[in-house]
Protein chains: 2
Amino acid sequence: MVKRYLSLCSLDHALSVMKSSFSAPQRTEQVPIMESVGRVVATPVYAGYSVPEVPLSAMDGIAVRSRDTVGASETAPVTPGSFARVNTGNIVPPEFDAVIMIEDTWEAGDRFQIRKAAAPGQHVRPAGEDIREGRLVLPRGHLVRAFDIGAMATYGITRIEARAVRIGIIPTGSELVALGIRPGPGQVVESNTIMAQVFLGATGAKCTRFPIVCDDPGLIAEALRAAVKENDFVIISAGSSAGTRDFTAGVISSLGELLFHGVAVKPGKPVMLGKIQGKPVLGLPGYPLAAQTALREFAAPLLESWGFAPAPKYPVRVRLAQAVTSDLGFDEFVPVFVGRIGTSLWGTPFVRGPVVQTATVKANGYTHIPAAVEGYEAGTELEVLLTTDPGSIERTLILTGTLDPALEDLANLVHDKGLFIHASSMGNLAGLLALSRHTCHAAALSLPAGPLLREYTPLARHISVDDTIFVHIATIGHGIVSRDGLLPEDLTKVRFINTKSESPSRIVLDALLNARGIDATQVNGYSTEVSGPGAVAGAIRNGSADAGICTAGIAGSYGLQFVPFASEDYELAIRREMLADPRIMSLIALIRTPDYRAILETSGGYISDTTGMARYLSKDTVLTECPAGTMQF
Amino acid sequence: MVKRYLSLCSLDHALSVMKSSFSAPQRTEQVPIMESVGRVVATPVYAGYSVPEVPLSAMDGIAVRSRDTVGASETAPVTPGSFARVNTGNIVPPEFDAVIMIEDTWEAGDRFQIRKAAAPGQHVRPAGEDIREGRLVLPRGHLVRAFDIGAMATYGITRIEARAVRIGIIPTGSELVALGIRPGPGQVVESNTIMAQVFLGATGAKCTRFPIVCDDPGLIAEALRAAVKENDFVIISAGSSAGTRDFTAGVISSLGELLFHGVAVKPGKPVMLGKIQGKPVLGLPGYPLAAQTALREFAAPLLESWGFAPAPKYPVRVRLAQAVTSDLGFDEFVPVFVGRIGTSLWGTPFVRGPVVQTATVKANGYTHIPAAVEGYEAGTELEVLLTTDPGSIERTLILTGTLDPALEDLANLVHDKGLFIHASSMGNLAGLLALSRHTCHAAALSLPAGPLLREYTPLARHISVDDTIFVHIATIGHGIVSRDGLLPEDLTKVRFINTKSESPSRIVLDALLNARGIDATQVNGYSTEVSGPGAVAGAIRNGSADAGICTAGIAGSYGLQFVPFASEDYELAIRREMLADPRIMSLIALIRTPDYRAILETSGGYISDTTGMARYLSKDTVLTECPAGTMQF
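An account of the accompanying structure is given in this report. (Residues numbered from 1 in each chain as written. Chains lettered and ligands numbered in written order. Predicted model: local features only at pLDDT ≥ 70, side-chain atom pairs only at ≥ 80, totals over all residues. Heavy atoms only, no water.)

**Quick word on unusual backbone geometry**
In this structure, the amide linkage connecting A:Val51 to the following residue, A:Pro52, adopts the cis form with an omega of -10°. Of note, A:Pro52 is situated in the loop between strand 2 (45–46) and strand 3 (56–57). With an omega of -15°, the peptide bond running from B:Lys266 to B:Pro267 counts as cis. Inspection of the secondary structure assignment puts B:Pro267 in the loop between strand 18 (265–266) and strand 19 (272–276). If you check the backbone angles, A:Gln277 has positive phi at about 50° while not being a glycine. Looking at where A:Gln277 falls in the secondary structure, it is placed in the loop between strand 19 (272–276) and strand 20 (279–284). (Helix = DSSP H or I, 4+ residues; strand = E, 2+ residues; numbered from the N terminus.)

**Here's the deal with the packing of aromatic side chains**
Scanning the entire structure with this criterion turns up nine aromatic pairs over all chains. An angle of 75° between the planes, with centres 6.1 Å apart, marks the rings of A:Phe233 and A:Trp306 as edge-to-face. Placement of A:Phe233 in strand 16 (residues 233–237) and of A:Trp306 in the loop between helix 6 (288–305) and strand 21 (314–320) is noted, with a sequence separation of 73 residues between them. Exposure class is identical for A:Phe233 and A:Trp306. Each is buried. Across the ring face of A:Phe22, the terminal group of A:Lys275 is positioned such that the distance to the ring centre comes to 5.4 Å. Over the aromatic face of B:Trp106 sits the side chain of B:Arg115, whose NZ or CZ is 4.0 Å from the ring centroid. (Phe/Tyr/Trp six-rings, centres within 6.5 Å; stacked < 30°, edge-to-face > 60°. Buried < 20%, exposed > 50% of the residue type's maximum accessible area, 1.4 Å probe, protein only. Lys NZ or Arg CZ within 6 Å of the ring centre and 35° of its normal.)

**A look at the pattern of salt bridges**
All names here are of chain A. Scanning the entire structure with this criterion turns up 43 salt bridges over all chains. One salt bridge connects Glu394 with Arg340, and the closest N-O pair in it is separated by 2.8 Å. Of the two residues, Glu394 sits in helix 8 (residues 390–394) while Arg340 sits in strand 23 (residues 331–341), which places them 54 residues apart along the sequence. Owing to a relative accessible area of 23%, Arg340 belongs among the partly exposed residues under this scheme. Where Glu577 meets Arg575, a salt bridge forms, and the shortest distance between an N and an O atom there is 3.6 Å. Since its relative accessible area comes to 52%, Glu577 is described here as exposed. (Salt bridge = Lys/Arg side-chain N within 4 Å of Asp/Glu carboxyl O.)

**Overview of the sheet that holds strand 6 (residues 98–101) of chain A**
All names here are of chain A. The sheet built from three strands is open, its strands ordered 5-4-6 with antiparallel pairing. Single-partner strands in this sheet number two, and they are strand 5 (84–86) and strand 6. On average, each strand axis in the sheet is inclined to that of its neighbour by 35°, with strand direction left out of account. Taken together, the three bridges between strand 4 (residues 61–64) and strand 5 define a ladder with antiparallel strand orientation. Within strand 5, the position partnered with Gly61 by the bridge is Val86. (Pairing = 2+ DSSP bridges. Axes fitted to C-alpha atoms, helices over the stretch in contact; angles between N-to-C directions.)

**Notes on the side chain of B:Arg296**
Tracing the backbone through its elements, the reader meets B:Arg296 in helix 6 (residues 288–305). Residue classification places B:Arg296 among the buried residues on the basis of a relative accessible area of 12%. Apart from the residues within four sequence positions on either side, B:Arg296 is in contact with A:Phe147, B:Phe199, B:Pro301, B:Phe333 and B:Tyr366. (Contact = heavy atoms within 4.5 Å.)

Nothing here speaks to function; it is all geometry.
Have a look at this one:
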């Protein structure tokens, strides 16, 4: 029998079942204060003594009896006979009730003259000023921060009783290998359980990761029994879908109760929750972003309902840089990159599916699209929860367009100027659209050099020619990539692999075929499209195809042969008004540095003759070089 | 010679000197990825292999040759002869180029029938879909987050080269004792260096705390030499003012160069920075909040300028619940508590001076008042940088008024409902003002019981009687506190200690004196005012005074004698409209629980007869009891 579908429940229902089915484990542990940041107070912390315990001087000066100073003035100075020299923090001897700052005294032999009467209590810190013995320092539930620890140390508190929880994490899957082992084809590192341990460990949970269990129901049951016995909460990774080797749900049912399996949430649909011996067992989906959803939207809220610190959530309002669609009836969580252009925060959604972990790495936030919403138009304002320091947003340049390794090298260099580059790889056209919509700081474009440019019509449609300047990053060699050094005339005889229409490689290919009078339908694989030159090279190295078009650098990094026949200009298109932005100035200056030039030379595949030259685009001369001296940055 | 003043430089100048005087140490270290959260990437991280390396199935189903499925339809199903059963993540064998979901197949013997043609590449994850070999995973300068670690593990990365820095921290001061030792009178725990270690350690800095050095220039110099030798950055705590035992500046000058000493910043004025053997030496002021300023505004920005992760700064716009003043010419940093009342965020500044660490513990943020600003009116909108999860703000009830330990017990209990109480101790009057200005959820009031109430005129002026309900928390016994059981008639014979006018104790005292026909000027110490009953009890236990007025509970907790002669009602005044708020409902319900009643009984000093009873205040009957049943929460 083929298991066809999971029956899905709503996210709200699943969370409500989860929170009502499990009460907090009453586990606590003693934690030395220096290790208590991020921990939650289980037993209220009270001051063991008053601070200060006795009156102290609040200033460097002299302690006096205020009544001895009555009448002191500029014209009638007083030199108290009884006084004590005190520094800040010294005890004010019981016979004195005021302190006069040293700056307000004049030395008079071994005494001090004063010219203004002291008020009773002046510059004296009364006993208990900071805190009084027995008063509450930290209530139950308080999340400890670094500066709280200073206060606790002052009040003589050396350790706190903190909430504690033990979490057992079981990786299952015959395709898994441990971290540190090179996965073979079809194998993957057990990264979801590693991520779970790090993510949940930040709450102070003591996470124990079990050895990898292969897809065997008996072995899974054995691991699950052990994990439930030793822990308050068990996470079992993968085996949660409805395939022939997905045993997790069955094993949970056999040992306890399956509360739900399948939630209308994306990514993360196959998430499941069971109850074994009264303890929660969360089944993580196998896809990394789905596992993240399960950890962030299920495991973390369960811990939060138990009184642990939630992962901090920093909401910001952003406008969507591009439309995003969502399946009606599904709560969707979409990684988003947030950046500031002028006064607006813009969010670029990453919609590359649940396996693309690079999306979370590149994103600095995520948005929740409720089940009742089918998506949002570009420009819609919505809430994004940040996953980074909001301050970093102000230091980030957003580049949209075609990604080339030359940009990665630039991203590494700009960090030394305190800046970040966020680059979205969406192609030239998307880059130009973003530029025209003011949703990026610059568009990274890969433009066929010289004679081909006029045929690259999408460009002309999307830029305001008078308002845009082009900064040349590098000239990139382009040609045929293959294992055996194939030539243009060989293309009709082998399995070709193509890139998407309007991509630079595709334009280069079409121009080549046109020049040689070759009919595209004669090329075997012309209609098989992959994204970008790296995918082409990868497919050829893997033997899925014999030839394609890519850049010299990429061909070299994949160890393939390369026959050049064209070149591209890799350029930044920048709105003229942006040139006033010091971050853009830094970026352009950096492109021109010998350091960056040297890095490009080393990388190979770049022709760096005119690199760093700024070019203007005008109506008449599509790409006119501008003498380097005329642009002042 | 008396050193009179530090010559102060501006904060901007000091920071600019600091950042331009020191270049980043080029120290890096290998960090296993599981320990890398919060660390900053020093060497860019590239993918060691493509993920996936070969085409994988994106679904559970069958892998087929797409050309074998051409023409399949409901009416003309096809049963491909060549296929492979694949689960999600399995390798798609090279001879196949598409996957059909198991849900779209029908079992036909040992084969599968399909009713729709498969497109080439359908449900196949191409090689390199997530990342391609050699591509950038994390650029230099990237701050590692938990989910980044999942991605790194997937890409086979086991450790990163992270930026590293060694910080030496020297506590100086003959008054210091180590954590764990009970300080004697005038002694303090070396809490500032502990705080420095925890705060700076969060950036990944390796902090070494040196043994306590007493106020001896030779010993300080010796410690400083050792610390500079072994570290990239040295922090020396205290000895930074201008008192007779402040040697730090002199020692720094003798070993190197003093770049500045004294900055127009509050708290933190005596902060200093030196340069010894090219390394920065930051002198922390001794007052805890001043030390915090030096750590947060000097040490952290220096580390940030060196490329370390800044302490996250989460800015919110808030309205000031009360005016705050600031010295012109000084950059001031004021702890603020931020809470939400209705749709507005309100910030209550804590202005209790640089020694009161409880202010930072209670605050959830701080604001920076620039040097050119003399302060802000109540109601001004300004920016506050949060020190907690913004989510916790939504779960916090703000109570303003008179603090009694009964409220601390309540604060501990509400945590179990997921709520926080933030209580500002500012007195009845401030509580009523906050209530009338909508800057608190409820005012905590200590009201002289029954007959005295009509004389408590400040109350009547500040509440809208029809819109306010009173929830009785407890009746608190009030009387004379002393070491020897003094009676009312003894008050003119001993040293009395008073509380501030309009405070409940003061009103009780004035009523008592009035009833006994005693002239207040006859009471020795009538004009010596301290804040609240705890300060009174503390002063009496310390021998600074002989008698005062306080509550039974506080007298007991200080081990003092108590002669009751009045009682107070401790009540929450709540705007009627707030009763719809589920958090307020939870709070009121909690006040009435047997658990809370039992806690009050155990604490002692409370008369809990009518506790939890809601009362209405109307124009005619100032405090009319309302039958418990008529209020529905």
